[in-house]
Amino acid sequence: RQITATGRVVPAANSQALVAPPVGGILSGRTLPRVGQRVVQGQTIALVQQVATSSEQAQVRAAAASLNLENARLEADRRTASGEVEGARVRLDLATKEAARAQRLYERKAFSERQMQAAEADLKAAKAAYDAAVKRLEALTNSPSITAASRGVGSANASYTVRAPLSGYVTKVNKSLGEQVEPGEAIVEI
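Everything numeric here is computed off the predicted structure, so don't read it as measured data.

Definitions and limits used
Residues numbered from 1 in each chain as written. Predicted model: local features only at pLDDT ≥ 70, side-chain atom pairs only at ≥ 80, totals over all residues. Heavy atoms only, no water. Phe/Tyr/Trp six-rings, centres within 6.5 Å; stacked < 30°, edge-to-face > 60°. Lys NZ or Arg CZ within 6 Å of the ring centre and 35° of its normal. Pairing = 2+ DSSP bridges. Helix = DSSP H or I, 4+ residues; strand = E, 2+ residues; numbered from the N terminus. pLDDT = per-residue confidence, 0-100. Buried < 20%, exposed > 50% of the residue type's maximum accessible area, 1.4 Å probe, protein only. Contact = heavy atoms within 4.5 Å.

**Observations concerning the packing of aromatic side chains**
With the rule as written, the count across this model stands at zero aromatic pairs. One cation-aromatic arrangement involves Arg38 over Tyr169; the distance from NZ or CZ to the ring centre is 5.4 Å.

Put into structure tokens, the structure is as follows:
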């Protein structure tokens, strides 16, 4: 015996998924799954190519230019700090020699105690200036370069991979390759 009837298949709760991307763009990829095709959880359903507007592309270009400018500033600061270290080293050498000469002259009673103390104070100031210049150069040398970040800026266009949230069979295909899809708009039903 056989009964013929018209009906509608309704999936069990939590066993159905509308696959929709969180971003808008144009559907691309090799192929979309067909109705009745089995898909596995995590399988790539489609790629959504996001095409940026001219204002978004201009913002990306401005960000890249800003990063390049900041990188040039950092490199200039490193060169300046290197020169400051060299100048401070020369002043420290001179102050060291002058303090030693003042000590010898003071011992021979050719220099006053005040002159010797002034030479020692100059030596301490030169040493502090040299140490500060070295620390500044070390800080600038150890700071990360911005070139790695500027490489990542590149383009405002991007792609988003749409994956199957669960395993099952495709019951409906709402879009085809090359079509525009909006955020949250269903591509397929599983």
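There is more to say, and it comes next.
**Digging into the sheet that holds strand E4 (residues 44–50)**
The strand order across the open sheet formed by four strands is E5-E4-E2-E8, and the pairing between neighbours is antiparallel. Across the chains shown, the open sheet's two edge strands, defined by having one partner strand only, are strand E5 (158–163) and strand E8 (180–181). Where E4 lies against E5, six bridges are found, and the strand directions are antiparallel. Across the sheet, the residue bridging to Leu47 is Thr161, located in E5.

**Regarding the pairing of strand E2 (residues 25–28)**
Of the pairings in the sheet, the one linking E2 to E8 comprises two bridges and is antiparallel in character. Its bridge partner being in E8, Gly25 is matched across the sheet by Val181. Alignment of E2 against E4, held across three bridges, turns out to be antiparallel. Directly across from Leu27, in E4, lies its bridge partner Val48.

**Section: the confidence of the model for the protein**
In the predicted model, the protein carries a mean pLDDT of 84, and the fraction of residues at 70 or more is 92%. The lowest-confidence element of the protein is helix H3 (residues 147–153), averaging 52 in pLDDT; the highest-confidence one is strand E3 (residues 38–39), averaging 92.

**Digging into the sheet that holds strand E9 (residues 188–189)**
In space, the three strands of this open sheet follow the order E1-E9-E7, with antiparallel pairing throughout. Strands at the two margins of the open sheet, each flanked by one partner only, are strand E1 (18–19) and strand E7 (172–173). The sheet contact formed by E1 and E9 spans two bridges and is antiparallel. The residue of E9 that forms the bridge with Val19 is Val188.

**Notes on the environment of Gly29**
Tracing the sequence through the fold places Gly29 in the loop between E2 and E3. Given the relative accessible area of 42%, Gly29 is considered partly exposed. For the pair formed by Gly29 and Glu185, sequence separation is 156 residues and the distance between their alpha carbons is 17 Å. Beyond its immediate sequence surroundings of up to four residues, Gly29 is in contact with Leu47 and Leu177.

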